[in-house]
Amino acid sequence: MFKYVIKRLLLLIFVVIGITLFIYLILSAAPGDPAQLILGMDATAEDIAALRAQLGLDKPVLIQYINYIGKVLKGDFGTSWLSGYNVYQEFLRRLPNTIALGTLAMMFAVLLGIPLGIVAAIRQNSIVDYLSLALAVILFSLPAFWFGLISQLFFCLRLGWLPASGVGTFKHFILPALTLGANVLASQLRMTRTSMLDVIKQDYIRTARAKGASERRVVLKHALRNSMLPVVTQVGISYASCMGGSVVTESVFSIPGIGSLLINAVKSRDIPVVMGTIIFVAVFVGIINLLVDLLYAYIDPRVKFAE
């Protein structure tokens, strides 16, 4: 297992390089001059040329990228071209908010979605199954910005139960987590139900029942564990998505997180901020995928790392 982990971590380095190089080339090829955006439309050509030389924009794109990666390897993620703040420090300031939001959203989705999916599969074509599928379709179809605004109007303005925006206490994250986790809950419910139905129809499940095993033992020991691989995969993908794709939720609830930092930086072509955020997201997704693969072997002993 140790060799497998080392191999995956080495591959992660090349993945991060490929992703960051691709993003850097796209940002460099986008229309407009970052120096012009920073100085404004009234800046002279001499001022723009001087700023381009200061930022290193007068060099070839590949040289710019190599210089940037060299600084990152030394722990220097640069400073924001527009605001002047240290990218690494600003990132660390916002990171806890995004982690808290994504983790709470996943807890809500997993703790509710997986049990509902199991019950829906066990009681296929029952009223519980139909209600669960209806809930999944509704939650999957709701746009995050609309669901967040409606939640604010009802729970914050009308009932006054929860704060409408900002961070600071656990209550501030309840509505954002429900908004972000609604779509994930629908995915977990449908994936769990589908995977359980596939396993329940297998011959060894009928054999276990024929031998007199209780329904609880059949579901928990035989069916559930063998149906968990695709569910665990979905959990990993969803968690990574929550961490990197929470920009809408953070914008609606005014949460200073990584998502809002990234979208603002993309709009202003603040390349150091964009690249720093992309590096984190790429590393985080790679680590989550590695943990999911390691969890496979725990769930199903037939999975071999060498294979």
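Preceding this paragraph is the structure being described.
Residues numbered from 1 in each chain as written. Predicted model: local features only at pLDDT ≥ 70, side-chain atom pairs only at ≥ 80, totals over all residues. Heavy atoms only, no water.

Caption draft 1: Looking closely at the packing of aromatic side chains. Within this structure, the stated rule accounts for eight aromatic pairs. For the ring pair tyrosine 24 and tyrosine 65, a centre distance of 5.8 Å and an interplane angle of 70° mean the geometry is edge-to-face. Here tyrosine 65 lies in helix H4 (residues 61–73) and tyrosine 24 lies in helix H1 (residues 2–29), a separation of 41 residues in the sequence. You can call tyrosine 65 buried: its relative accessible area is 7%. Note on phenylalanine 77 and tyrosine 88: the rings are 5.8 Å apart at their centroids and 15° apart in plane angle, and the pair reads as stacked. Placement of the pair is phenylalanine 77 in the loop between H4 and helix H5 (87–122) and tyrosine 88 in helix H5, with a sequence separation of 11 residues. What makes phenylalanine 77 buried here is its relative accessible area of 18%. The class of tyrosine 88 is partly exposed, set by a relative accessible area of 41%. Put simply, the rings of Phe91, Tyr239, Phe280 and Phe284 touch in pairs and so form one group of aromatic residues. (Phe/Tyr/Trp six-rings, centres within 6.5 Å; stacked < 30°, edge-to-face > 60°. Helix = DSSP H or I, 4+ residues; strand = E, 2+ residues; numbered from the N terminus. Buried < 20%, exposed > 50% of the residue type's maximum accessible area, 1.4 Å probe, protein only.)

Caption draft 2: Quick look at the packing of helix H7 (residues 144–158) against helix H8 (residues 171–200). Contact pair H7 / H8: the axes reach a minimum separation of 9 Å and the direction vectors enclose 145°. Between H7 and H8 lies a crossing of right-handed hand. In contact with Ala144, Phe147, Gly148, Ser151, Gln152, Phe155 and Cys156 of H7, H8 contributes Leu175, Leu178, Thr179 and Ala182. Here the residues of the contact of H7 with H8 sort into seven nonpolar, four polar and no charged. (Axes fitted to C-alpha atoms, helices over the stretch in contact; angles between N-to-C directions. Left-handed = near helix turned anticlockwise from the far one by under 90°. Contact = heavy atoms within 4.5 Å. Nonpolar A, V, L, I, M, F, W, Y, C, P; charged D, E, K, R; others polar.)

Caption draft 3: Seen up close, unusual backbone geometry. Even without being a glycine, asparagine 125 presents a positive backbone phi close to 65°. The topology assignment puts asparagine 125 in the loop between H5 and helix H6 (127–141). Notably, serine 254 is not glycine yet its phi reads approximately 55°, a positive angle.

Caption draft 4: Molecular detail of the side chain of glutamine 234. Tracing the chain through its elements places glutamine 234 in helix H11 (residues 228–244). Leaving out residues up to four positions away in the same chain, glutamine 234 has contacts with Ser187, Gln188 and Met191.

Caption draft 5: Fine view of the nonpolar core. Of all hydrophobic cores here, the largest spans 48 residues; its most connected members are Met196 and Phe280. Put simply, the parts of the chain that give this core at least two residues each are H5, H6, H8, helix H9 (203–210), helix H10 (215–226), H11 and helix H14 (271–299). When residues of this core are assigned to their parent elements, the largest contribution, 13 residues, is made by H8. Apart from residues no more than four positions distant in its own chain, phenylalanine 280 is found in contact with Phe91, Leu95, Met243 and Ile258. If you look at the next biggest cluster of nonpolar residues, it comprises 22 residues, including Val16, Leu27, Ala265 and Met275. (Core = buried A, V, L, I, M, F, W, Y, C linked by side-chain atoms within 4.5 Å.)

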